[in-house]
Amino acid sequence: MTIQIEPLAALLILVGVIVGISVFKYTARAHGAFGRGDLGTSIASGAAVATLLALLLTPGFSQPPGPAAPPADSVPTPVGSAR
């Protein structure tokens, strides 16, 4: 079974991973008590960036649109009076 990932989704994942890695490397270079790299912050920042890009760039994320609404000028027919 093959799962296809759309190019935009793959790009969002890639950008999230790159942001996470760069945040980790930045925190690893910091001096002080927290000089070993903050893994939690890097994962959270990568996920936040990927989520925000997904919300901003993909309306519906390539899902098929829902059923169309009926026209506004249509008159509903009564259910029980057709006999």
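Scroll up to find the structure this text is about.
Bear in mind that the values here come from a model prediction, so they are computed numbers and not experimental data.

1. Notes on the overall build of the chain
Next, step 1: Helices and strands together make up the secondary structure of the chain, namely two helices and zero strands.
Next, step 2: Taking the contacts inside the chain whose residues are at least 6 apart along the sequence as the reference set, 53% of them involve residues at least 24 apart.
Next, step 3: For the chain, the accessible surface area stands at approximately 7,200 Å², while carbon and sulfur atoms represent 70% of it.

2. Quick look at a nonpolar patch on the surface
Next, step 1: Judged by side-chain polarity, Leu 8, Leu 11, Leu 14, Ile 18, Leu 56 and Leu 57 come together as a nonpolar surface patch covering roughly 580 Å² of accessible area.
Next, step 2: For the nonpolar patch, the secondary-structure elements that each account for two or more residues are helix H1 (7-29) and helix H2 (39-57).
Next, step 3: A total of four residues in the nonpolar patch trace back to one element, the largest contributor, which is H1.
Next, step 4: Residue classification places Leu 57 among the partly exposed positions, given a relative accessible area of 48%.

3. A short note on the environment of Leu 52
Next, step 1: Structurally, Leu 52 can be placed in helix H2.
Next, step 2: The exposed category is assigned to Leu 52, whose relative accessible area is 53%.
Next, step 3: For the pair Leu 52 and Leu 12, spaced 40 residues apart in sequence, the C-alpha separation works out to 9.5 Å.

4. A word on the environment of Thr 51
Next, step 1: Its place among the elements puts Thr 51 in helix H2.
Next, step 2: Exposure remark for Thr 51: the relative accessible area of 45% places this residue in the partly exposed category.
Next, step 3: Each C-alpha atom, one on Thr 51 and one on Ile 13, is 9.3 Å from the other, the two residues being 38 residues apart in sequence.

Basis of the calculations
Residues numbered from 1 in each chain as written. Predicted model: local features only at pLDDT ≥ 70, side-chain atom pairs only at ≥ 80, totals over all residues. Heavy atoms only, no water. Helix = DSSP H or I, 4+ residues; strand = E, 2+ residues; numbered from the N terminus. Contact = heavy atoms within 4.5 Å. Areas by Shrake-Rupley, 256 points an atom, 1.4 Å probe, with all protein chains shown as cover. Patch = residues over 30% accessible without salt bridge, like charges linked within 9 Å, V, L, I, M, F, W, Y side chains within 5 Å. Salt bridge = Lys/Arg side-chain N within 4 Å of Asp/Glu carboxyl O. Buried < 20%, exposed > 50% of the residue type's maximum accessible area, 1.4 Å probe, protein only.

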